[in-house]
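Structure assessment
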Amino acid sequence: MPTSIRATGADKDLTLDELAQFVEDARKAGVPGDNPVRAELSTSRKIKEIEVALDVDRG
């Protein structure tokens with residue numbers, strides 16, 4: 001069973017549509033709205049990858 005939801009940009013950097021899909025998927029999975037989100041950025045500071053734990057992650 002997965003412990004997190006992760007999204008990556010199809011063309012390296014995440015698009016707004018991909019980010020919106022990530023948020024929708026997280027909401028459908030019941031991820032709490034106050035759960036922290038982790039992101040990996042490119043050297044140009046664009047989002048390459050984003051991840052959120054399915055359970056509350058305070059670490």
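So, here's what we can say about the structure. (Residues numbered from 1 in each chain as written. Predicted model: local features only at pLDDT ≥ 70, side-chain atom pairs only at ≥ 80, totals over all residues. Heavy atoms only, no water.)

**Looking at the overall build of the protein**
Assigned secondary structure in the protein consists of one helix and three strands. For 59 residues, the compact-globule formula gives about 10 Å, and the C-alpha radius of gyration of the protein, at 11 Å, lands near that figure. Structurally, the protein occupies a C-alpha span of about 30 × 25 × 20 Å along its principal axes. Within the protein, residue pairs in contact and separated by at least 24 positions form 48% of the contacts whose partners lie at least 6 positions apart. Working note: accessible area of the protein is about 4400 Å², and carbon and sulfur atoms make up 51% of it. With 9 positive and 12 negative side-chain charges, the protein shows a separation of 5 Å between the mean positions of the two kinds. (Helix = DSSP H or I, 4+ residues; strand = E, 2+ residues; numbered from the N terminus. Rg over C-alpha atoms; globule rule 2.2 N^0.38 Å. Contact = heavy atoms within 4.5 Å. Areas by Shrake-Rupley, 256 points an atom, 1.4 Å probe, with all protein chains shown as cover. Lys, Arg positive; Asp, Glu negative; His and termini not counted. Charge placed at Lys NZ, Arg CZ, Asp CG, Glu CD.)

**Observations regarding unusual backbone geometry**
In this structure, Arg45 takes a positive phi of about 70° despite not being glycine. You can see Arg45 is positioned in the loop between strand S2 (37-41) and strand S3 (47-53).

**Observations regarding the pairing of strand S1 (residues 4-8)**
Residue alternation in S1 divides its side chains into a buried set, Ile5 and Ala7, and an unburied set, Ser4, Arg6 and Thr8. Where S1 lies against S3, five bridges are found, and the strand directions are antiparallel. Bridge assignment links Ala7 to a residue of S3, and that residue is Ile50. (Buried < 20%, exposed > 50% of the residue type's maximum accessible area, 1.4 Å probe, protein only. Pairing = 2+ DSSP bridges.)

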